[in-house]
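Reading the structure
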Amino acid sequence: MSKKKWIFGVLFVMAGAVIVFAPLPVRATPPTLRTFRIEASQFAYTPAVLAVNPGDTVTIELVSTDVVHGLYLDGYGVSVTADPGQTARLTFIADKSGSFRFRCNVTCGALHPFMIGKLQVGPNTWLWRAIVLTILAALVIPILRPNLPRARAG
Amino acid sequence: MHYELTRFPLVKALLKNRWPQMLVWLVMLAGFLFAILSGFFGTPVGNRNFGIVFVWIAWWAVLILVAVPFFGRGWCSVCPIPLPGEWLQRGAIMNPPGNKPKWYNLRWPNKLRNIWLQNLTFTLVALFSSVILTTPKVTAIVLAAMIFLAIGMSMVFERRTFCRYICPVSGFIGLYAQAAPLELRVKDKQVCLTCKDKPCYNGSPAGYGCPWDVFPGGLTKNTYCGLCMECLRTCPYENIAVNTRPFSDDLAKPSTRMDEAFKAFIMLGAAMIYAGEFLGPWGSLKLAAYSVGSISWFGYLVAFLVFIFGLLPALFLGAVWIGNKLSQATAALKKSFTAFATSLVPLGLMFWVAFSLSFVLTNAAYIFSSLSDPFGWGWNLFGTAAIPWQPILTTILLPLQTLALAGGLLWTASTARKAGSEVKVSPVPVIVFSTAATVAMLGLLL
């Protein structure tokens, strides 16, 4: 590999590191109390997507409309179980930013492993970083190896 | 850079000797039959049943995260499905008995010597995947059907016709095996040209003729070599080698076949659909996919087929057409289409890796409980039955998925450039198409 390509390669890696690790400006929003009522039924949560701000105190009221369901929140490791017709409450502080899946943690039927919802704490910055990183990856070959096939003379 | 592994006497001896392979085969066959048994007789709760947990979580994880990316068709070399049929077809379990098979031994029809049937069988399995993946009895039926079909086909047709032309798993393993850093090749093609009896293809007292109906002397890519090692045993000139090589070595020679091109679309599209269906928050989509026979399922079926066989290929064709126009290429559009479809192999593989990481890490905990209580009957064989479910390593899941997808795109761009050089067409529109698909996949996973 030529020296120029090495330099470009190192630059691309550094650019990738900047995209992944660079701190982004955070819009400070005063923490509030957020309460969500989630209905759980085979095999979905309603609503299935929640959005809160970092620092918010979140209370989830889980209501099961058919069989026993649970809710386990990835990244936070907290969970709650709701019996049919009963409301179960889970309160936590959303002190980690990002996108987190929540899942049923009580076997509730065939599609139980795929009963999933999503909690969004602040903007989904990882997704945007990943998209920019992907676009950078797409540019590597055309920039590092630009000798694409030339147009043939008519 | 190729490095011959069979130059080491121990490696060669292990691969030539039938016993190590047979021992692995027997363990796999026992596990396979046990999975069928637990599916039929065990608990109907999927995540507590050995059949579901070991086939769709443990085996799938090993297959898609390790076996296919690093060993290509390595799984096919120890897959138990063709075994009973092959034993009956050969009238022997180990060494060739020296007489001709007693069964029909017909040639597979020429018109079907492609992977369209594998495309069809994979699509069928994919359409019913919500039910197959979650219902132990249905998984057992599918596994049993595969083994009985393999037996039936071994009785009627020669060699491993089931593996080569029907098996839904074999089709995509073959496609992605092209990217693997492992290959079986001849050392010197001239030796094969002068070899009279071609025992690697026709068989000899030392071993069987290639079960995959491949003449090793003509091997240029991994797609149809099942790594069964028969040719290593039969070659009288020691001309067969197992080599390590750079990743995606075969992809430098783009495919010219439409069946292989569509296999790439099926795999790419299915990974995207599954990411939404199984990992997304859309309950109605899950229910539609699960409620086979309902109106919503027919809607799912139509959307699935249109996306995979219509939208994706049409958008890709558009990208290739733009590339042709940009380059004022003289190559036929079909030739460019199939050549560039080869570049979707790394992307599709990495889509599956990213999807499977999430699927496997969040469900791996079930392996421990079902190991101790495979039928869900309250056993506790190894003291692990009560281990509670908990996702593992979810903190590194998103970075791993991002790396897989961005890396896959980089790999695809490199492959597209090689394909573009072959057909003298600009790969840029195909890279744009692949970038759009990757961004969509990121949106579904993250």
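Relevant structure appears above.
Structure report, in brief. Note that the structure is predicted; figures quoted are calculated from it, not measured.

What counts, and where the lines are drawn
Residues numbered from 1 in each chain as written. Chains lettered and ligands numbered in written order. Predicted model: local features only at pLDDT ≥ 70, side-chain atom pairs only at ≥ 80, totals over all residues. Contact = placed C-beta atoms within 7 Å. Helix = DSSP H or I, 4+ residues; strand = E, 2+ residues; numbered from the N terminus. Nonpolar A, V, L, I, M, F, W, Y, C, P; charged D, E, K, R; others polar. Pairing = 2+ DSSP bridges.

The interface is formed by 37 residues belonging to chain A together with 48 residues belonging to chain B. Top contributing element to the side of chain A that touches chain B by residue count: helix H2 (residues 125-144) of chain A, with 12 residues. Tallied by class, residues from the side of chain A that touches chain B come to 23 nonpolar, nine polar and five charged.

Here the focus is unusual backbone geometry. Note that the residue after A:Gln42, namely A:Phe43, is joined by a cis bond; omega there is 0°. Summarising the element assignment, A:Phe43 is placed in the loop between strand S1 (33-41) and strand S2 (44-46). With a phi angle near 60°, B:Ser248 is a residue other than glycine that sits in the positive phi range.

All names here are of chain A. By the bridge criterion, five bridges tie strand S5 (residues 69-73) to strand S6 (residues 78-82) in an arrangement that is antiparallel. Its bridge partner lying in S6, Leu73 is registered against Val78. Between the antiparallel neighbours S5 and S6 lie four residues, among them Gly75 with a positive phi of about 85°.

Residue and element names in this part refer to chain B. As summarised here, the arrangement of the three strands in space is S1-S3-S2, forming an open sheet in which the pairing is antiparallel. Looking at the sheet topology across the chains shown, the edges are occupied by strand S1 (3-4) and strand S2 (182-186). As defined by bridge partners, S1 adjoins strand S3 (residues 240-244) across two bridges and the pair is classed as antiparallel. From the neighbouring strand, Glu4 faces S3, where its bridge partner is Asn243.

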